[in-house]
Amino acid sequence: MYYSKQQDVCLERVNMRRIVLLSFLLSLFVFCWVLDGRAKEEDFPVPRPPFSEGIFPCSNCHAGMEANTKRRELKEEHTNIQLKHGSVSRWCLDCHDATNRDMLKLASGEHIDFSHSYELCGQCHGPTYRDWKVGVHGKRIGYFDGGPRTYFLCVNCHNPHDPKFKPIKPEPPPFKPLYKYNPAARSGK
Amino acid sequence: MAGNRYSRRDFIRMASVAALSGFGLSGVSCKKADLEEFLQKHYLEMTEEDKKRTIKRLEEKYLKKYGKQFTISTQGAKPGTLWGYGLDLSRCIGCRRCVYGCVKENNHSRYNPQLHWIRVLRLPEGSLINLENAEHYYDPALVPEPGYVYMPVQCQHCENPPCVKVCPVHATWKEPDGLVVVDYNWCIGCRYCIAACPYKGRVFNWAEPNIPAEELNTAVHYLGNRPRYKNVVDKCTFCVQRVRQGRYPACVEACPTGTRKFGNLLDPNSEIRYLIDHKRVFRMKEDLNTEPKFYYFFGL
Ligand code: SF4
């Protein structure tokens, strides 16, 4: 191919323009990101939050209601929830939002989706959140390499209103080596 | 030289074929598949061709015995992997979900004999290193019980495995990705390895396994969870059939408390490396110089 000198110069200009435009866009992006105030949290492949049957979206019931933001004991609805999670210093509307019922609320006032609840928990439980993100706290299943992996949400294992693990029934112990203690062996099952 | 050796081996093989066909003639039934099984090579000496033939024969045999089509994998170790396990002692509640998750995944005999690869020890609180106080038949209504801690033990996949050293026929060895495995077709059932293991990581098939047909796991690995035979030793393989595909072992997925962690020790970004770098870890019976790749740690 043959280019004249003029064509060459022209091409260079076009390239220059492209570079300038690109770097402008990039700086704009960085600027916005800094303005946003905090680095966006990573998205984690989490299962659906464990809502009680038929309770979500909350706006189904709350839509027509006026929000009462006064701290009080709930007598008519949600009576099954006994807050055993910092109940002295907290109540419903510290995590749930009065204006947007289908979202959770961070301390900063920012709204987050229920599937991002780990950000909310992480506000107080910093070291646990850090360990969860790298996979050392909590449970994950699937592929650790070369396939999909599921990160269990904090609330998949801990009830957010009462997070302490409850004792559970253990699976049966192994049979003792002697046959007479081995019920299956005796009954010939 | 090599040629010589093989021709001698071939000679012996021919001789045994001749001897066996002699048996056949004298009325002892001897099928071709049995003969092939008898003459099967050591797994590490098999060519790809040999492996294919062996797998085909085994799949047919399992189909006949269990009425199910198995897929037996021979997937090898991935370069650059060395598997390591982490177990968080501050989280385990002793519920044994891992034990039975393993039983199902790995086709253990359910009774007569009942075989488990994981043994959950219960120890009085504050007495973690006195294993003589351990009890694994505990059976309370609810766990965790106040005053006790739980410590699951399984094969620790030692870098310096004493069980491999004592095997007189090299039926057990360490794979390039660090997994200690057994060739159930090569094991002669002498149980030296069971005696040599300081972790009680190995169990013996005193009889043919009893596995409910509907619970058979047919996705198996030759060196892992394929159904075993009477008279062979088996042990935890870190779920070789899963981890070589990048999946978490079954016990990791079964545990309800997130106690169990798994990953590649050679990958600086893996979960296992993070916990070794950041948590208080120890390995069991470190003084024996077995160099386990099973790290107990305290998440709290
Ligand atoms: S399943 Fe998890 S919590 Fe339960 S005994 Fe096993 S390791 Fe411990």
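Residues numbered from 1 in each chain as written. Chains lettered and ligands numbered in written order. Predicted model: local features only at pLDDT ≥ 70, side-chain atom pairs only at ≥ 80, totals over all residues. Heavy atoms only, no water.

Turning to helix α9 (residues 271–278) of chain B, a few remarks are in order. In an α-helix, one turn spans 3.6 residues, which is why side chains three or four residues apart end up on the same side. All of the buried residues along α9(B) are B:E271, B:I272, B:Y274 and B:L275. The arc that holds the buried residues of α9(B), viewed along the axis, is 160°, so those residues lie on one side. (Buried < 20%, exposed > 50% of the residue type's maximum accessible area, 1.4 Å probe, protein only. Helix = DSSP H or I, 4+ residues; strand = E, 2+ residues; numbered from the N terminus. Arc of directions from axis to C-beta.)

All names here are of chain B. On average, residues of chain B carry a pLDDT of 90, and 90% of them reach 70 or more. In the predicted structure, residues 1–5 sits below a pLDDT of 50 and forms zero contacts with residues beyond four places in sequence or in another chain. Confidence drops under a pLDDT of 50 for residues 23–28, and excluding neighbours within four residues, the segment shows one contact in the predicted structure. The ipTM value of the predicted complex is 0.84, and its pTM value is 0.83. (pLDDT = per-residue confidence, 0-100. Contact = heavy atoms within 4.5 Å.)

Residues and elements named next belong to chain B. Here N217 lies in the loop between β7 (202–204) and β8 (219–221). Residue N217 is classed as buried on the basis of its relative accessible area of 16%. With sequence-adjacent residues up to four places away left out, N217 is seen in contact with F70, K104, E105, N107 and N225. Polar contacts involving the side chain of N217 include one to the main-chain amide nitrogen of A219, which spans 3.1 Å. (Polar contact = N/O pair within 3.5 Å; in protein donor to acceptor, adjacent residues only side chain to side chain.)

Another point: the pattern of salt bridges. What the rule picks out here adds up to 28 salt bridges over all chains. Close ionic contact of A:K166 with A:D162 constitutes a salt bridge, the shortest N to O distance being 3.6 Å. Assessed through its relative accessible area of 18%, A:D162 is described here as buried. Overlapping salt bridges, with partners in common, bring together B:E36, B:E37, B:R57 and B:K61 in one network. (Salt bridge = Lys/Arg side-chain N within 4 Å of Asp/Glu carboxyl O.)

For the rest of this paragraph, the subject is the interface of chain A and chain B. Contact residues are listed per partner, giving 33 residues for chain A and 43 residues for chain B. Summed over both sides, the interface of chain A with chain B buries roughly 3300 Å², with 57% coming from carbon and sulfur. Viewed at the interface, chain B and chain A are joined by five salt bridges. The partner of B:E271 in a salt bridge is A:R149, and the shortest N-O contact between them spans 2.9 Å. Remark: the boundary between chain A and chain B carries 22 residue pairs in polar contact (both at pLDDT 80 or more). When contributions to the side of chain A that touches chain B are tallied by element, the ones reaching two or more residues are α4 (126–134), β3 (140–142) and α6 (183–187) of chain A. (Buried area = accessible area lost by both parts, 1.4 Å probe.)

This next bit is on the packing of aromatic side chains. Here the structure, examined in full by the defined rule, presents 29 aromatic pairs over all chains. Note on A:Y129 and A:W132: the rings are 6.4 Å apart at their centroids and 25° apart in plane angle, and the pair reads as stacked. Within this pair, A:Y129 and its partner A:W132 are both found in helix α4, separated by three residues, close to a single helical turn. In this pair, the class of A:Y129 matches that of A:W132, namely buried. Here the aromatic rings of A:F144 and B:W83 are separated by 5.5 Å at their centres, their planes lie at 75°, and the arrangement is edge-to-face. Here A:F144, found in the loop between β3 and β4 (149–151), pairs with B:W83, found in strand β2 (residues 83–88), and the two come from separate chains. Each member of the pair, A:F144 as well as B:W83, carries the same accessibility label: buried. An aromatic cluster of at least three residues, connected via ring pairs, comprises A:F144, B:W83, B:Y85, B:F238, B:Y248, B:F262, B:F282, B:F294, B:Y296 and B:F298. Between A:K133 and the ring centre of A:Y129, over which it is positioned, the NZ or CZ distance is 4.4 Å. (Phe/Tyr/Trp six-rings, centres within 6.5 Å; stacked < 30°, edge-to-face > 60°. Lys NZ or Arg CZ within 6 Å of the ring centre and 35° of its normal.)

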